[in-house]
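Each chain is listed here by its residues.
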Amino acid sequence: MNDQSAAVQIAPISPVFGAEVHGVDLADGIDDQTFETVHRAWLEHGVLAFRGQTALTAEAQVEFARRLGPLHAHPAAPAEHENAAVFVIRTHRDSSISNGNGWHSDVSCDEEPPSATMLQVQLLPDGGGGDTLFADMEAAYATLPPATRERLCTLSAVHASAHVYPGRYADRGADEVAVDTPSAIHPVVRTHPETGRRSLFVNPSFTVAITGMERSESDTLLADLHEHCTRPEFQIRHRWEPHDVLLWDNRRVQHFAIWDYWPHERSGHRVTVQGTRPFFDPGGIEPDESPIRVSIGRLA
């Protein structure tokens, strides 16, 4: 392949995070220099939206994802694609409303949660809908008062899935008895292993408790954090167009797949990349001073 990187255009979606990528068709494959351009943009912006794509084969999607690292296997979703690395995203009239409809970082209940998620939606719902929201946890961390950040950096939280996965894929014939329901303890503030930047790492779908706290205190703190993390200032919204590809960094962002298109169907192919165990580095990078300082409830 010829060098394609000169044609790549990165257009930020907001001043906070997220960018659109133009001038590259992932279905054709990309050279190493172009991949490095995309990789740097992904680390900088957290979410990349590849517009104007053609339909990706499963093999092309898997090949691209493997360049980011070894692939991650979902612990509970049934295998529905002939390529075991592809997780079929599908919501229809018989799906449960919990099927992706909530803020989360993909499979944060794993000991080593996914670093990256790559999704192409093949079937869009009739009449529109099915947008995906993203929230930037680096911005959520950066806008907290310094004393609050210092406190949160000392805390860990339990991420569980026993309340999520049994029954979630029943409409696909999943055996509830055989479903794996992993649980792990992760730092409330994690350090990004590639950029060194800090972000909040809790989400309402999987995070169930702060370790070492009474239940009432833990519930109150998590409720305050979840409310803070999903403030509109930290969000972008992706309105899907045919064959769009999204690539997002689960170490930095949460997302919410909006189910506002019942009884129509939305489906696509998702591939996730294996991450490392979340950690907090006390010598990591503190955020630049933000003009926004948020003080809510017991986060003050």
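The rules behind these values
- Residues numbered from 1 in each chain as written.
- Predicted model: local features only at pLDDT ≥ 70, side-chain atom pairs only at ≥ 80, totals over all residues.
- Heavy atoms only, no water.
- Helix = DSSP H or I, 4+ residues; strand = E, 2+ residues; numbered from the N terminus.
- Contact = heavy atoms within 4.5 Å.
- Polar contact = N/O pair within 3.5 Å; in protein donor to acceptor, adjacent residues only side chain to side chain.
- Phe/Tyr/Trp six-rings, centres within 6.5 Å; stacked < 30°, edge-to-face > 60°.
- Lys NZ or Arg CZ within 6 Å of the ring centre and 35° of its normal.
- Buried < 20%, exposed > 50% of the residue type's maximum accessible area, 1.4 Å probe, protein only.
- Pairing = 2+ DSSP bridges.
- Axes fitted to C-alpha atoms, helices over the stretch in contact; angles between N-to-C directions.
- Core = buried A, V, L, I, M, F, W, Y, C linked by side-chain atoms within 4.5 Å.
- Expected span 1.5 Å × (residues − 1).
- Salt bridge = Lys/Arg side-chain N within 4 Å of Asp/Glu carboxyl O.

Peer 1: Could you clarify how one ought to interpret the overall build of the protein in this entry?
Peer 2: If you tally the helices and strands in the protein, you get five helices and 15 strands. Pairs at least 24 residues apart make up 85% of the contacts formed inside the protein by residues separated by at least 6 positions.

Peer 1: Quick question: what am I supposed to make of the side chain of R198 here?
Peer 2: Relative to the assigned elements, R198 resides in strand 10 (residues 198-200). Engagement of the side chain of R198 in a polar contact is seen with the backbone oxygen of D281, the distance being 3.2 Å. Polar contacts involving the side chain of R198 include one to the main-chain carbonyl oxygen of P282, which spans 3.1 Å.

Peer 1: Quick question: what am I supposed to make of the packing of aromatic side chains here?
Peer 2: Aromatic ring pairs are reported here in terms of the distance separating the ring centres and the angle at which the planes meet. Counting across every chain of the model gives five aromatic pairs. Taken together, the aromatic side chains of F35, F50 and F64 make up a single cluster linked through ring pairs. Of note, R149 hangs over the ring of Y141, and the distance from its end group to the ring centre comes to 5.5 Å. Lying over the aromatic face of F201, R190 brings its terminal NZ or CZ to 4.6 Å of the ring centre.

Peer 1: Got a minute to help me understand the environment of P75 in this structure?
Peer 2: Relative to the helices and strands, P75 resides in the loop between helix 2 (58-66) and strand 4 (87-91). P75 sits in the buried class, given a relative accessible area of 19%.

Peer 1: What is the right way to read the sheet that holds strand 8 (residues 184-187) from this model?
Peer 2: Each strand in a sheet pairs with another by means of backbone hydrogen bonds, the pair being arranged parallel or else antiparallel. Reading across from one edge, 8-7-11 is the order of the three strands in this open sheet, with antiparallel pairing throughout. Either end of the sheet is taken by a strand with one partner, and the two such strands are strand 8 and strand 11 (207-210). Here the average twist between neighbouring strands, direction ignored, is 35°. Note that strand 7 (residues 156-159) and strand 11 share three bridges and pair antiparallel. Pairing of H159 across the sheet is with T207, part of strand 11.

Peer 1: What am I meant to see in the pairing of strand 1 (residues 9-12) here?
Peer 2: In summary, the side chains of a regular strand alternate between the two faces of the sheet. Here four bridges tie strand 1 to strand 2 (residues 19-22), and the two strands are oriented antiparallel to one another. Within strand 2, the position partnered with Q9 by the bridge is H22.

Peer 1: Would you explain the nonpolar core in this entry?
Peer 2: As a rule of thumb, soluble globular proteins bury nonpolar side chains together. Within the largest apolar cluster, 28 residues are counted, with the highest numbers of intra-cluster contacts made by L26, L48, F50, F64, M118 and L247. Of all the elements in the fold, those that place two or more residues in this core are strand 2, helix 1 (32-45), strand 3 (47-50), helix 2, strand 5 (114-123), strand 13 (245-249) and strand 15 (266-274). The contacts of F50, once residues within four sequence positions are left out, are V21, V24, L26, V38, D244, V245 and L247.

Peer 1: Looking at this structure, I do not really get the sheet that holds strand 14 (residues 253-257). What am I missing?
Peer 2: With antiparallel pairing, the three strands of this open sheet are ordered in space as 12-6-14. At either margin of the open sheet sits one strand with a lone partner, and together these are strand 12 (235-238) and strand 14. Adjacent strand axes in the sheet meet at a mean angle of 20°, parallel and antiparallel pairs treated alike. Bridge count for strand 6 (residues 132-136) against strand 12 is four bridges, and the pairing is antiparallel.

Peer 1: Is there a simple way to think about the side chain of D136 in this case?
Peer 2: Assignment of secondary structure puts D136 in strand 6. Overall, the relative accessible area of 2% leaves D136 in the buried class. A distance of 3.4 Å separates a polar side-chain atom of D136 from the backbone nitrogen of E138. Apart from the residues lying within four places of it in its own chain, the contact partners of D136 are V16, F17, F234, R252 and V253.

Peer 1: So what exactly am I meant to see when it comes to helix 1 here?
Peer 2: Three or four residues apart is the spacing at which side chains of an α-helix point the same way, because the helix has 3.6 residues per turn. The first and last C-alpha atoms of helix 1 sit 20 Å apart over 14 residues, in line with the 20 Å expected at 1.5 Å per residue. Buried residues of helix 1: T34, F35, T37, V38, H39, A41, W42, L43 and H45, and no others. Looking at the buried side of helix 1, the elements it contacts are strand 1, strand 2, strand 3, helix 2, strand 5 and strand 13. The N-terminus of helix 1 is capped by D31, whose side-chain oxygen sits 3.3 Å from the backbone nitrogen of Q33. Downstream of helix 1 by one or two residues, G46 has phi in the positive range, about 85°.

Peer 1: Please clarify how the pattern of salt bridges should be interpreted in this entry.
Peer 2: Side chains that carry opposite charge are capable of pairing whenever their charged atoms lie near each other. According to the stated counting rule, one finds 18 salt bridges in the structure shown. The residue E138 makes a salt bridge to R252 at a minimum N-O spacing of 3.6 Å. Taken as a pair, E138 in helix 3 (residues 137-142) and R252 in the loop between strand 13 and strand 14 lie far apart in primary sequence, 114 residues in all. In terms of burial, E138 and R252 fall into one category: buried. We note a salt bridge from R251 to D249, for which the minimum N-O separation is 2.9 Å. Classification of D249 as buried rests on a relative accessible area of 1%. Salt bridges here are not isolated pairs; linked through shared partners, they connect E20, R51, E241 and D244.

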